[in-house]
Amino acid sequence: VQLQASGGGLVLAGGSLSLHCAASGRIVNIDYMGWYRQAPGTQRELVAKITSVGATNYADFVKGRFTISRDNAGNTVYLQMNSLKPEDTAVYYCAARRAFSAGFSYWGQGTLVTVSS
């Protein structure tokens with residue numbers, strides 16, 4: 001499975017960005033898809049995840065501001081980011097989990113989001 005993420009960029013605080021990630025290859029066995037982020041000097045952290053039937057889970061620091069969604073075919077995941085803050089600046093990675101695996105199995109290359117104050 002290959003994941004291709006795009007949509008990052010530079011935005012002013014309070015602005016919005018939309019990320020998307022397309023999966024290709026043997027996607028039939030994917031259940032969860034999600035987004036992680038990593039700021040310089042910090043560990044990678046979960047932002048949001050979504051199951052194959054659309055159930056979602058968000059980190060507390062993005063609740064009410066970010067929305068994760070997935071297309072009907074299940075092979076593209078989106079992250080709509082609103083009310084962005086400078087502390088949201090990070091490289092955002094999409095991820096996918098092979099069904100019944102312990103964690104995310106596949107990772108995209110990352111896309112940089114920079115929020116300027």
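Refer to the structure printed above.
Now for a quick tour of the structure. All of these numbers come straight from a predicted model, not from anything done at the bench. Per chain, residue numbering runs from 1 following the sequence as it is written. The predicted origin of the model limits local features to residues at a pLDDT of at least 70 and limits the giving and counting of side-chain atom pairs to 80 or more, whereas totals for whole chains, interfaces and linings rest on all residues. Excluding hydrogens and water, the side-chain figures rest on all heavy atoms present in the structure.

**Looking at the nonpolar core**
As a rule of thumb, nonpolar side chains are buried together in soluble globular proteins. Among the nonpolar cores identified, the biggest contains 29 residues, and Trp35, Leu79, Met81 and Tyr92 are the most heavily contacted of them. To qualify as a helix, a DSSP run of H or I must reach at least 4 residues; to qualify as a strand, a run of E must reach at least 2; elements of each kind are numbered from the N terminus. Those elements that provide at least two residues to this core are β1 (2-6), β3 (17-24), β4 (30-38), β5 (45-50), β7 (66-70), β8 (76-81), β9 (90-98) and β11 (111-116). Throughout, a residue-residue contact means that at least one pair of heavy atoms, one from each residue, lies within 4.5 Å. Once residues within four sequence positions are removed from consideration, Met81 is found in contact with Gly15, Ser16, Leu17, Leu19, Arg65, Phe66, Tyr92 and Val113. Take the buried residues of types Ala, Val, Leu, Ile, Met, Phe, Trp, Tyr and Cys, join any two whose side-chain atoms come within 4.5 Å, and each joined set is a nonpolar core. Any residue under 20% of the maximum accessible area for its type is buried, any over 50% is exposed, and the rest in between are partly exposed; the area is computed with a 1.4 Å probe on protein chains only.

**Considering the pattern of salt bridges**
Here a salt bridge means any side-chain nitrogen of Lys or Arg lying within 4 Å of a carboxyl oxygen belonging to Asp or Glu. Inspection of the entire model under this criterion finds 5 salt bridges. The shortest N-O distance in the salt bridge between Arg97 and Asp31 comes to 2.6 Å. Of the two residues, Arg97 sits in strand β9 while Asp31 sits in strand β4, which places them 66 residues apart along the sequence. A residue is classified by how much of its surface remains accessible, and Arg97, at 18% relative accessible area, is buried. The class of Asp31 is buried, set by a relative accessible area of 13%. Between Asp88 and Arg37 there is a salt bridge, with the nearest N and O atoms lying 2.9 Å from each other. Residue Asp88 is found in the loop between β8 and β9, and its partner Arg37 is found in strand β4; the two are separated by 51 residues along the sequence. Comparing Asp88 with Arg37, the two get one shared label, buried. Each member of the salt-bridge network shares a partner with another, and the members are Arg37, Glu45, Arg65 and Asp88.

**Section: the sheet that holds β7**
Strand order in the open sheet formed by 4 strands is β1-β3-β8-β7, with antiparallel pairing between adjacent strands. Of all strands in the sheet, those with a lone pairing partner are β1 and β7, marking the two edges. Across the sheet, the mean angle separating the axes of adjacent strands is 15° when strand polarity is ignored. Here β1 runs beside β3; their pairing, made up of 5 bridges, is antiparallel. From the neighbouring strand, Gln2 faces β3, where its bridge partner is Ser24. Two strands make a pair as long as DSSP finds a minimum of two bridges between them. Angles here are taken between N-to-C directions and fall from 0 to 180 degrees, while the axes themselves are lines fitted to C-alpha atoms, restricted in helices to the stretch in contact.

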